[in-house]
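A structural walkthrough
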Amino acid sequence: RDKELLHQMKNDLNLENVLFHGQQKNPYQFLKFADLFILSSRYEGFPNVLLEAGACGTYSLANNCPGGITEIIQTKINGEISDIENHEEFAEKIIRVLQENHDSEAIRDSIRSRFSKEIILEKYEEVLENLYIK
């Protein structure tokens, strides 16, 4: 149903350059070459897809919704947060962000320095040690 609606919107708006790839087993090939990743969710737990986009060096624009987005996005470094309910402002932000240059290596470093496997495992060890000591 949503698929049909999206295709109809594409036709109605004459968006010739919009492609629908469907579900992909390997999204990294798309994230790596994307100009921008947009997370339009209205609720997220911990959005791993923001980590994946950042690991590919892709800047993100995420909807300001409940969940872990604010833990991942470092404003103007690896992405920005905006309110998708304000459609005009969100669209303007997309256009502005696409006109800017973003440092792919700084984006990757932002993710790597806080969410690498080694760092996360170390945090788990700290939690488990504190549980064991008590």
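All values derive from a computational prediction rather than experimental measurement. (Residues numbered from 1 in each chain as written. Predicted model: local features only at pLDDT ≥ 70, side-chain atom pairs only at ≥ 80, totals over all residues. Heavy atoms only, no water.)

Turning next to the overall build of the chain. A count of helical and extended segments in the chain gives seven helices and three strands. Secondary structure elements in the chain, listed N-terminal to C-terminal, are α-α-β-α-β-α-β-α-α-α. Seen through its C-alpha atoms, the chain measures out along the principal axes to roughly 65 × 35 × 30 Å. Residues counted as buried form 27% of the 134 residues belonging to the chain. Nonlocal contacts in the chain, meaning residues at least 24 apart in sequence, comprise 43% of its contacts between residues at least 6 apart. About 9,900 Å² of surface is accessible on the chain, with carbon and sulfur atoms providing 51% of the total. In the chain, 15 side chains carry a positive charge and 23 a negative one; their mean positions are 4 Å apart. (Helix = DSSP H or I, 4+ residues; strand = E, 2+ residues; numbered from the N terminus. Buried < 20%, exposed > 50% of the residue type's maximum accessible area, 1.4 Å probe, protein only. Contact = heavy atoms within 4.5 Å. Areas by Shrake-Rupley, 256 points an atom, 1.4 Å probe, with all protein chains shown as cover. Lys, Arg positive; Asp, Glu negative; His and termini not counted. Charge placed at Lys NZ, Arg CZ, Asp CG, Glu CD.)

Turning next to the packing of helix α3 (residues 48-55) against helix α6 (residues 104-115). Two elements in contact, α3 and α6, have axes whose closest approach is 7 Å; the angle formed by their N-to-C orientations is 130°. Judged by the inter-axis angle, α3 sits oblique to α6. Counted together, Leu50, Leu51, Gly54 and Ala55 of α3 and Ile107, Arg108, Ile111 and Phe115 of α6 form the full contact between these two elements. Classifying every residue of the contact of α3 with α6 gives six nonpolar, one polar and one charged. (Axes fitted to C-alpha atoms, helices over the stretch in contact; angles between N-to-C directions. Parallel < 35°, antiparallel > 145°, perpendicular 65-115°, else oblique. Nonpolar A, V, L, I, M, F, W, Y, C, P; charged D, E, K, R; others polar.)

Judged by nonpolar contacts, the single largest core of 13 residues is most densely connected at Leu31, Phe37, Leu39, Leu50, Ile69 and Ile72. Counting residues per element, the ones that place at least two in this core are β1 (37-39), α3 and α4 (69-72). Considering every element that reaches this core, the biggest residue donor is α3, with three residues. In this structure Leu31 touches Phe37, Glu52, Ala53, Cys56 and Thr58, once residues within four positions along its chain are discounted. Core analysis: the next-biggest nonpolar cluster, separate from the first, contains seven residues, Tyr59, Leu61, Val97 and Ile107 among them. (Core = buried A, V, L, I, M, F, W, Y, C linked by side-chain atoms within 4.5 Å.)

Let us look at the environment of Lys76. Position of Lys76 among the secondary structure elements: in the loop between α4 and β3 (79-82). For Lys76, a relative accessible area of 52% puts it in the exposed group. Put simply, Lys76 and Ile120 are 44 residues apart on the chain and 24 Å apart in space, counted from C-alpha to C-alpha. If near-sequence neighbours (up to four positions away) are discounted, Lys76 is found in contact with Tyr59, Arg96 and Glu100.

All quantities given are derived from atomic positions and should not be read as evidence of function.
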